[in-house]
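Chains, contacts and geometry: an overview
So the chains spell out like this:
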Amino acid sequence: MDKKDKMALDARGLKRVLAGVLVMVAGYILMMGGGSDDPQVFNEAMFDFRRLVAAPVVILAGIVVVVVAIVGARNRK
């Protein structure tokens, strides 16, 4: 097989990319909610620790996992 016929990522790298995407989705799920049905009522729940700190850290961790999977795959070739 030529190098052109091979995929850029092998099965292990593809699993790592998928895991990183799932971690990012979990971060976006953590960020959901906190709104109010009535626009005249202010809801403090939108400024809690989970939405302001935990969710962005989880999303960044997912991005790091994806980048490491891609860079690691490129360095093995």
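For the structure itself, look to the data block above.
Report on the accompanying structure.

1. Description of the nonpolar core
L9, V17, M24, I59, V66, A69 and A73 together form the largest nonpolar core, which totals seven residues. For this core, the secondary-structure elements that each account for two or more residues are α1 (11-31) and α2 (49-76). If one sorts the elements of this core by residue count, α2 sits on top with four residues. Discounting residues that sit within four places of it in the chain, V17 has contacts with L9, V66, A69 and I70.

2. Here's the deal with the pattern of salt bridges
One pass over the structure, following the stated rule, counts one salt bridge. A salt bridge links R51 to D48; the nearest nitrogen and oxygen atoms lie 3.1 Å apart. Given the relative accessible area of 11%, R51 is considered buried. Overall, the relative accessible area of 29% leaves D48 in the partly exposed class.

3. Points about the environment of N43
With respect to the secondary-structure elements, N43 resides in the loop between α1 and α2. Residue class for N43 comes out partly exposed when judged on its relative accessible area of 27%. When residues no more than four places from it in sequence are discounted, the contact partners of N43 are G34, G35 and S36.

4. Some details on a nonpolar patch on the surface
Residues F42, M46, F47, F49, L52, V53 and V57 make up a contiguous nonpolar surface patch of roughly 720 Å² in combined accessible area. Along the chain, L52 turns up in helix α2.

5. A word on α1
Compared with an ideal rise of 1.5 Å per residue, which puts 21 residues at 30 Å, α1 spans 31 Å between its outermost C-alpha atoms and is within 8% of the ideal. The set of residues buried in α1 consists of G13, V17, G20, M24 and G27. Down the axis of α1, the smallest arc covering the buried residues is 75 degrees, so these residues share one side. Relative to its buried face, α1 has exposed residues pointing more than 90 degrees away, namely A11, K15, L18 and L22. Where α1 terminates, the next one or two residues include G33, which has phi positive at roughly 90 degrees.

The rules we used
Residues numbered from 1 in each chain as written. Predicted model: local features only at pLDDT ≥ 70, side-chain atom pairs only at ≥ 80, totals over all residues. Heavy atoms only, no water. Core = buried A, V, L, I, M, F, W, Y, C linked by side-chain atoms within 4.5 Å. Buried < 20%, exposed > 50% of the residue type's maximum accessible area, 1.4 Å probe, protein only. Helix = DSSP H or I, 4+ residues; strand = E, 2+ residues; numbered from the N terminus. Contact = heavy atoms within 4.5 Å. Salt bridge = Lys/Arg side-chain N within 4 Å of Asp/Glu carboxyl O. Patch = residues over 30% accessible without salt bridge, like charges linked within 9 Å, V, L, I, M, F, W, Y side chains within 5 Å. Areas by Shrake-Rupley, 256 points an atom, 1.4 Å probe, with all protein chains shown as cover. Expected span 1.5 Å × (residues − 1). Arc of directions from axis to C-beta.

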